[in-house]
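# Summary of structural features
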Amino acid sequence: MRGVLALLVAVAVAALAATADAGTSDPDAGSVTIGLSRLVAVHGDEVVASGAVQPSFAGQEIVLQVSITEGWSEVARAVTDEQGAYSVTFTADRSGAIRALVPASGASSDPVDLLVSPHVSVSAKRGFAYVGAQLSASIRPAAYSGRVSITVEREGRVVGRASARAENGRLRATVPTPGIGRFTARLSFPAAPGLKARELMVPVFAGGRTISIGSSGRDVRALVQRLAELHFHVPRAGSLFTSELADSVIAFQKAFGLPRTGVVGPLAWKRLERAHPLRARYRGPALHIEVDKTRQILMVVRRGSVEAVLPVSTGATGNTPEGRHRIRWKAPATTTWLGSGILYRTMTFYGNSFAIHGWPDVPAYPASHGCVRIPVWAADWLYSRSPVGETVYVYR
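## Focus: helix 3 (residues 243-255)
Relative to the 18 Å expected for 13 residues at 1.5 Å per residue, helix 3 spans 19 Å between its end C-alpha atoms, a close match to the ideal helical length. Of all 13 residues in helix 3, 11 are buried; the element is thus mostly enclosed. Residues Leu 245, Ala 246, Asp 247, Ser 248, Val 249, Ile 250, Ala 251, Phe 252, Gln 253, Lys 254 and Ala 255 constitute the buried set of helix 3. Just downstream of helix 3, Gly 257 is the residue with a positive phi angle, here 70 degrees.

## Digging into the sheet that holds strand 14 (residues 146-154)
Reading across the sheet, the five strands line up as 12-18-17-14-15 and stay open at both edges, with mixed pairing between neighbours. If you trace the sheet from one side to the other, it starts and ends with strand 12 (127-128) and strand 15 (157-166), each paired once. Note that strand 17 (residues 181-189) and strand 18 (residues 198-207) share nine bridges and pair antiparallel. Along strand 18, the bridge assignment pairs Leu 187 with Leu 200.

## Re the environment of Val 122
Following the sequence through the fold, Val 122 ends up in strand 11 (residues 119-124). Given the relative accessible area of 27%, Val 122 is considered partly exposed. Separated by 78 residues in the primary sequence, Val 122 and Leu 200 place their C-alpha atoms 9.3 Å from one another. Excluding its chain neighbours within four sequence positions, the residues that come into contact with Val 122 are Leu 135, Ser 136, Ala 137, Leu 187, Leu 200 and Val 202.

## Structural notes on the side chain of Ser 386
Note that Ser 386 resides in the loop between helix 5 (376-384) and strand 27 (391-395). A polar contact is formed between the side chain of Ser 386 and the backbone oxygen of Leu 382, at a distance of 2.8 Å. With residues up to four places along the chain from it excluded, the contact list for Ser 386 reads Ile 289, Arg 302, Ile 327, Lys 330 and Met 347.

## A word on the packing of helix 2 (residues 218-229) against helix 4 (residues 266-274)
Where helix 2 meets helix 4, the closest approach of the two axes is 11 Å, and the angle between their N-to-C directions is 40 degrees. Classified by the interaxial angle, the pair formed by helix 2 and helix 4 is oblique. Remark: the crossing between helix 2 and helix 4 carries left-handed chirality. Residues Asp 219, Leu 223, Arg 226 and Leu 227 of helix 2 form the contact with helix 4, whose own contacting residues are Trp 269, Leu 272 and Glu 273. Class assignment for the residues of the contact of helix 2 with helix 4 results in four nonpolar, no polar and three charged.

## Quick look at the sheet that holds strand 11
On the basis of which strands lie adjacent, the open sheet formed by three strands has the order 11-13-16 and antiparallel pairing. Every other strand in the sheet has two partners, leaving strand 11 and strand 16 (170-175) as the edge strands with one partner each. Pairwise comparison of adjacent strand axes, ignoring direction, gives a mean angle of 20 degrees for this sheet. Relative to strand 16, strand 13 (residues 133-140) runs antiparallel, the two sharing six bridges. Its bridge partner lying in strand 16, Ser 136 is registered against Arg 172.

So, how was this worked out
- Residues numbered from 1 in each chain as written.
- Predicted model: local features only at pLDDT ≥ 70, side-chain atom pairs only at ≥ 80, totals over all residues.
- Heavy atoms only, no water.
- Helix = DSSP H or I, 4+ residues; strand = E, 2+ residues; numbered from the N terminus.
- Expected span 1.5 Å × (residues − 1).
- Buried < 20%, exposed > 50% of the residue type's maximum accessible area, 1.4 Å probe, protein only.
- Pairing = 2+ DSSP bridges.
- Contact = heavy atoms within 4.5 Å.
- Polar contact = N/O pair within 3.5 Å; in protein donor to acceptor, adjacent residues only side chain to side chain.
- Axes fitted to C-alpha atoms, helices over the stretch in contact; angles between N-to-C directions.
- Parallel < 35°, antiparallel > 145°, perpendicular 65-115°, else oblique.
- Left-handed = near helix turned anticlockwise from the far one by under 90°.
- Nonpolar A, V, L, I, M, F, W, Y, C, P; charged D, E, K, R; others polar.

Geometric descriptors of this kind do not, in isolation, establish any biological role.
Here it is in structure tokens:
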């Protein structure tokens, strides 16, 4: 009989302890309130919890707890004053419900939700146009990991996107910088266990050095990529600025009304950022060539869109015949009665005297006897994809 009574007493005590830990208590035990100085915090911020106990008297111990997966975890302790009030400061380190518990009576407050986001310190190095800027971040807590998305904006317009993975509180990323000047990088850190998502705006700056034939570096490689994005025909260049690349730069400068120097400086870098692929004047036929004598460029048009742009030099006297023509015949190479020289990859489009052909010298202005000169390095490419019969428009 004594054993049964002991067992019943033990069960009752355990039940009472469990009830007190869960935040419930006898209504006669009184009550306790809680308020937080902030409901949203960054990891490491100080938060003040305050409230009062009823009935009120001094010296009552208050335990501040945060909800965790296993139940509740203590974060701070306080003692009431003569009015039964308490105030305690704690460090925010995770999201969760916060409550105040009076151990003596088992009274607990209604929980208040606290949202905590990771603490992020970011530094960004000055970048280069179209190469990007290097960014690094230190994150607390040190265990934070997750894929961070990066959105780059300029004047309220999205101009680039990237992502990088943060590991153990560290992030290294390359921020796209499509141009020169100031950009804003929006970093979106995803939620993690005990942490809510966080978004940060970081200023990023990029410069652009002046580059020309003989220059080398990542910005040269980036220039080639940007010209290709705008559908200018580019050589297979790596990180070296070649004379062939200068031809592509001149084509770009011609197309957008810039000085035809073949040198890329601040003006060209800025225009590269704002530029969009050129539009053809004619939508049909599906495959055709357009020669713009005013801008001194040739556009290869496929299904209504400009596929490639080449620099040209047309007749010095303006005699390159305008209108709608077609490629009448082709030859790998021809000669001319106007002087010595080989017309490389000849594609005749008017009579037997006017053709599109490769030539060693393609200046930025009209200089030919009437033909349409293109750079020799690009002639094979154009010749191989332009069949006899293809339409050729020539206009101002």
